[in-house]
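Descriptive structure summary
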Amino acid sequence: MEWTQIFFKGVDLSLAVEVVARTLIMFALILIVLRATGKRGVRQLSLFEVAIIIGLGSAAGDPMFNPDEPILPAIIVFIVICAFYRLMTWLASKSEKFEVLVEGKALYIIEDGMFDLVDQKELFFGKDEFLAEMRQQNVEHLGQIRTAVLETNGNVSFIFFDEKEVKKGLPIWPKVYEKKSKLIPAPGTYACTYCGNVEDITTSSHICRRCNCEEWVMALDTKRCS
Ligand SMILES: [Zn+2]
């Protein structure tokens, strides 16, 4: 193995200059195409948009540094992807069903201070992510949240109960949440750790009326300070 082979393999100054020119051209083309999609900027991308970016990226890469690759095919790919994107977003604006097919749909995570059980079946990843998201919103327990929705771009949107409406709910901060147990130490108000349902429990063990889970943690009713 020769290090010079790995780094330089036949590269001379004129090739280096060509790579600079190719890179600038492709970069400008990428910008033009992204502007042409009509998007304002990106904070969070939907899966569909990620697919577009991957497509653009892989078409742009080779012509940047490979002198054997003409740039025209990449331009054709760009035009096709851009036209396809605009067609899809136009169709999505016309038909709600089509929009759900392409972008997915917003899912309810929390309703009325409890995890939504129906939509949860469609969630394929852990609750931990939402718990972290809620903690970042200064949420201490689920009883502070009226509604939380997982948007198609991965963001979570919240509506909070105002101070007077806050009810007892499932604590979501690790030190408290991890105290969950099947054994009820003393009579009191507990929250189901799976669904967030709150019940007054007087027995030493209890099965949740809402989801049949049997792990509980003492419910909180602290107000949310923002
Ligand atoms: Zn439950």
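Structure first, text after, so check above.
Below: a short report on this structure. (Residues numbered from 1 in each chain as written. Predicted model: local features only at pLDDT ≥ 70, side-chain atom pairs only at ≥ 80, totals over all residues. Heavy atoms only, no water.)

**Considering the sheet that holds strand β3 (residues 145-150)**
Note the threshold: Following DSSP output, two strands are said to pair if at least two bridges run between them. Runs of H or I in DSSP of at least four residues are treated as helices and runs of E of at least two as strands, each being numbered from the N terminus. Every residue pair with non-hydrogen atoms within 4.5 Å of one another is taken to be in contact. All axes are obtained by fitting lines to C-alpha atoms, using only the stretch in contact for helices, and the reported angles, taken between N-to-C directions, cover 0 to 180 degrees.
Taken in spatial order, the four strands make up an open sheet running β2-β1-β3-β4, and their pairing is antiparallel. Looking along the sheet, the strands with just one partner apiece sit at the ends: β2 (114-115) and β4 (156-160). As paired strands, strand β1 (residues 107-111) and β2 are joined by two bridges and run antiparallel to one another. Note that in β2 the partner of Glu111 across the bridge is Met114. Sheet strands touched by helix α7 (residues 128-136): β1, β2, β3 and β4. Its angle to β4, the strand with the most contacts, is close to 55°.

**Side note on the pattern of salt bridges**
Spelled out, the test is: Counted as salt bridges are all cases of a side-chain nitrogen of Lys or Arg within 4 Å of a carboxyl oxygen of Asp or Glu. Classification of residues uses two cut-offs on accessible area relative to the type maximum, computed with a 1.4 Å probe and protein chains only: under 20% is buried, over 50% is exposed, and between them is partly exposed.
Per the stated rule, a full pass over the model turns up five salt bridges. Among the salt bridges present, the one from Lys180 reaches Glu215, with a minimum N-O distance of 4.0 Å. Taken together, the residues Lys180 in the loop between α8 (174-177) and β5 (188-192) and Glu215 in the loop between β6 (198-201) and β7 (216-218) connect sequence positions 35 residues apart. Owing to a relative accessible area of 33%, Lys180 belongs among the partly exposed residues under this scheme. A relative accessible area of 27% means that Glu215 is categorised as partly exposed.

**A short note on the side chain of His141**
Which entries qualify depends on this criterion: Here a polar contact is taken to be a pair of N or O atoms separated by no more than 3.5 Å, where protein atoms must pair a possible hydrogen donor with a possible acceptor and residues adjacent in sequence count only if both atoms sit in side chains.
Topologically, His141 is positioned in the loop between α7 and β3. Looking at His141, its side chain comes within polar contact range of the main-chain nitrogen of Gly143, at 3.0 Å. Those residues in contact with His141 that lie beyond four places of it in its chain are Val166, Lys167, Lys168, Gly169, Leu170, Pro171, Ile172, Leu220, Asp221 and Thr222.

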